[in-house]
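# Descriptive analysis of the structure
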Amino acid sequence: MEPLGINGAFLFTPRVHGDARGSFHEWFRADALRAATGHGLGLAQANASVSARGVLRGVHYADVPPGQAKYITCVRGALLDVVVDLRTGSPTFGRWEAVRLDEENRRCLSIAEGLGHAFLSLEDGTTAMYLCSTGYNPAGEHGVHPLDPDLGIAWPLDVPPVLSDRDAAAPTLAEAQKAGALPDYERCLDFYAELDRGGRP
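The following paragraphs examine the structure supplied in this document. Just so it is clear, the structure is predicted and the values come from calculations on it, not from any experiment.

## Quick look at the overall build of the protein
A tally of regular secondary structure across the protein gives 4 helices and 13 strands. Here the C-alpha atoms of the protein give a radius of gyration of 16 Å, agreeing with the 17 Å that 2.2 N^0.38 yields for 201 residues. A buried classification covers 48% of the 201 residues belonging to the protein. The contacts of the protein with a sequence gap of at least 6 include a subset with a gap of at least 24, amounting to 80%.

This is how it looks when you write it as structure tokens:
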């Protein structure tokens, strides 16, 4: 587990064992995640998305508490996965980091509650798998526009991106902040501390 420059984001690069039959790797280890974050994921839901090349999903986040931590990998194709610090008051507020996840490197991204998540599919049929700490809650889930120029995410776009109606209508970061719709950093830290004390398995 390698910490990224945003508190609560980690990159995991598994050891892939290969032979003439194919390959095997452990893409999720609860003990490794607990050692890095201080608590477990508390698995509530597992999602899979299949995307054509150029599909852009996100930036999505959930109200904290309870928020929604995610653990993401790519089992087919390739994607550029982006974590955005949407927590007001955070020293890295508005900052983003991008990592390539694909079927060759088998890397995984772990993001804490309160962080935004988005990805761009780089190939047709790209399949992302992600584990979630809480189930789907439409009333508590929100988005920030992934093409917000103030965020300035460097998407490698050589074709017009394909967005859902919801993502295309999402507010900018400034609009979401002005509306008071973003997670609060101190509240997130209190929530993380509660998880560390055993608030989640």
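## Some words on the sheet that holds strand β7 (residues 70-76)
Strand order in the open sheet formed by 6 strands is β1-β2-β10-β7-β12-β5, and the pairing between neighbours is antiparallel. The strands lining the two open edges of the sheet, one partner per strand, are β1 (2-3) and β5 (45-51). Two elements, strand β2 (residues 9-12) and strand β10 (residues 108-111), share 4 bridges in a ladder whose sense is antiparallel. Residue pairing across strands places L11 opposite L109, the latter belonging to β10.

## Details of the sheet that holds strand β6 (residues 56-62)
Spatially, β9-β8-β11-β6-β13 is the arrangement adopted by the 5 strands of the open sheet, whose pairing is antiparallel. Among the strands making up the open sheet, the edge pair consists of β9 (96-102) and β13 (141-143). Neighbouring strand axes in the sheet, compared pairwise and without regard to direction, differ in orientation by 25° on average. Examined bridge by bridge, strand β8 (residues 78-85) and strand β11 (residues 115-121) share 7 bridges and lie antiparallel to one another. Within β11, the residue paired with L79 across the bridge is S121.

## Focus: the packing of aromatic side chains
Per the counting criterion, the structure on display carries 2 aromatic pairs. Measuring from ring centre to ring centre gives 6.0 Å for W27 and Y71, while their planes differ by 40°; the resulting arrangement is tilted. Here Y71 lies in strand β7 and W27 lies in the loop between β4 (22-24) and α1 (30-37), a separation of 44 residues in the sequence. Residue classification places Y71 among the buried positions, given a relative accessible area of 1%. Centroid distance F28 to Y71: 5.0 Å. Interplanar angle 80°. Geometry classified as edge-to-face.

## As for the state of the cysteines
Applying the stated criterion across every chain, the model contains 0 disulfides. Of all cysteine sulfurs, the one in C108 lies closest to C132, which takes part in no disulfide; the gap is 14 Å. C132 sits in the buried class, given a relative accessible area of 0%. Among the cysteines around C188, which has no disulfide bond, C132 carries the closest sulfur, lying 17 Å off. We classify C188 as buried; its relative accessible area is 0%.

## Some remarks on the layout of surface pockets
In this structure, the largest pocket encloses a volume near 460 Å³. The wall of the largest pocket is formed by 28 residues, among which H60, K70, Y130, E141 and R166 lie closest to the centre. Sorting the residues of the lining of the largest pocket by element identifies β5, β6, β11, β12 (126-132), β13 and α2 (165-168) as the ones contributing at least two each. Considering each element in turn, the lining of the largest pocket owes the most residues, 6 residues, to β6. Class assignment of the residues belonging to the lining of the largest pocket gives a composition of 13 nonpolar, 10 polar and 5 charged. Approximately 220 Å³ is the volume found for the second largest pocket. Lining the second largest pocket are 16 residues, and of these G8, F10, T37, H39 and A112 sit closest to its centre. When contributions to the lining of the second largest pocket are tallied by element, the ones reaching two or more residues are α1, β10 and α4 (185-199). Counted by class, the lining of the second largest pocket contains 7 nonpolar, 6 polar and 3 charged residues.

The rules behind these values
- Residues numbered from 1 in each chain as written.
- Predicted model: local features only at pLDDT ≥ 70, side-chain atom pairs only at ≥ 80, totals over all residues.
- Heavy atoms only, no water.
- Helix = DSSP H or I, 4+ residues; strand = E, 2+ residues; numbered from the N terminus.
- Rg over C-alpha atoms; globule rule 2.2 N^0.38 Å.
- Buried < 20%, exposed > 50% of the residue type's maximum accessible area, 1.4 Å probe, protein only.
- Contact = heavy atoms within 4.5 Å.
- Pairing = 2+ DSSP bridges.
- Axes fitted to C-alpha atoms, helices over the stretch in contact; angles between N-to-C directions.
- Phe/Tyr/Trp six-rings, centres within 6.5 Å; stacked < 30°, edge-to-face > 60°.
- Disulfide = S-S within 2.5 Å.
- 1 Å grid on protein atoms, 1.4 Å probe; cavity = no way out; pocket = protein on both sides within 12 Å on 5 of 7 lines; lining within 4 Å.
- Points joined across faces, edges and corners; volume = space filled by probe spheres on them.
- Nonpolar A, V, L, I, M, F, W, Y, C, P; charged D, E, K, R; others polar.

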